Amino acid sequence: MKTTKIMLATINDVKEFVNIVMAYDFDVDLISGRYAVDAKSIMGIFSLDLSKPIELNAHTDDADAFLGKIKQFIV
């Protein structure tokens, strides 16, 4: 599992991020405080506090290509 922090500042960031995550077959979770949501769920992401960085957990051992695709969101 790979863990990093991301920031989704705008609605377009969320839409672009979800489109990228949907292309991968492994699970990706976003954790903010005590809440965890599926990163493939736009509604789930909007239920989080997007004003601060969110922890991302990618459930795969080979996340290099995925992290390269989302590098603009990594803080």
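Here is a short report on the structure shown in this document.

Observations concerning the pattern of salt bridges
Then, in step 1: The final tally for this structure, using the stated rule, is 1 salt bridge.
Then, in step 2: Between Lys 52 and Asp 49 there is a salt bridge, and its shortest N-O distance comes to 3.6 Å.
Then, in step 3: Judged by relative accessible area, which is 46%, Lys 52 ranks as partly exposed.
Then, in step 4: A relative accessible area of 34% places Asp 49 in the partly exposed class.

Here's the deal with the packing of aromatic side chains
Then, in step 1: Inspection of the entire model under this criterion finds 4 aromatic pairs.
Then, in step 2: Note on Phe 17 and Phe 73: the rings are 5.8 Å apart at their centroids and 90° apart in plane angle, and the pair reads as edge-to-face. With Phe 17 in helix α1 (residues 11-22) and Phe 73 in the segment after α3 (64-69), this residue pair connects regions lying 56 residues apart in the sequence. Exposure class is identical for Phe 17 and Phe 73. Each is buried.
Then, in step 3: Look at Phe 26 and Phe 66: their rings are 5.5 Å apart centre to centre, the planes differ by 90°, and that puts the pair in the edge-to-face class. Taken as a pair, Phe 26 in the loop between α1 and β2 (28-32) and Phe 66 in helix α3 lie far apart in primary sequence, 40 residues in all.
Then, in step 4: Its relative accessible area of 11% is what places Phe 26 among the buried residues.

A short note on a nonpolar patch on the surface
Then, in step 1: Residues Ile 11, Ile 42 and Phe 46 make up a contiguous nonpolar surface patch of roughly 270 Å² in combined accessible area.
Then, in step 2: Relative to the helices and strands, Ile 42 is located in helix α2 (residues 42-46).
Then, in step 3: Accessibility expressed as a relative area gives 35% for Ile 42, which makes it partly exposed.

As for the nonpolar core
Then, in step 1: Formed by 22 residues in total, the largest nonpolar core has its most connected members in Ile 6, Phe 17, Leu 30, Leu 56 and Phe 66.
Then, in step 2: Of all the secondary-structure elements, those providing two or more residues to this core are α1, β2 and β4 (54-58).
Then, in step 3: The element contributing the most residues to this core is α1, with 5 residues.
Then, in step 4: Residue contacts for Phe 17: discarding those within four places in its chain leaves Ile 6, Leu 8, Leu 30, Ala 39, Ile 45, Leu 56, Ile 70 and Phe 73.

Looking at the sheet that holds β4
Then, in step 1: On the basis of which strands lie adjacent, the open sheet formed by 4 strands has the order β1-β4-β2-β3 and antiparallel pairing. Of all strands in the sheet, those bounded by a partner on one side alone are β1 (2-6) and β3 (35-38). When the angles between neighbouring strand axes are averaged without regard to direction, this sheet yields 25°.
Then, in step 2: Where β2 meets β3, 4 bridges bridge the pair, whose relative direction is antiparallel. When the bridges of β3 are listed, Leu 30 appears paired with Val 37.

About the thresholds
- Residues numbered from 1 in each chain as written.
- Predicted model: local features only at pLDDT ≥ 70, side-chain atom pairs only at ≥ 80, totals over all residues.
- Heavy atoms only, no water.
- Salt bridge = Lys/Arg side-chain N within 4 Å of Asp/Glu carboxyl O.
- Buried < 20%, exposed > 50% of the residue type's maximum accessible area, 1.4 Å probe, protein only.
- Phe/Tyr/Trp six-rings, centres within 6.5 Å; stacked < 30°, edge-to-face > 60°.
- Helix = DSSP H or I, 4+ residues; strand = E, 2+ residues; numbered from the N terminus.
- Patch = residues over 30% accessible without salt bridge, like charges linked within 9 Å, V, L, I, M, F, W, Y side chains within 5 Å.
- Areas by Shrake-Rupley, 256 points an atom, 1.4 Å probe, with all protein chains shown as cover.
- Core = buried A, V, L, I, M, F, W, Y, C linked by side-chain atoms within 4.5 Å.
- Contact = heavy atoms within 4.5 Å.
- Pairing = 2+ DSSP bridges.
- Axes fitted to C-alpha atoms, helices over the stretch in contact; angles between N-to-C directions.

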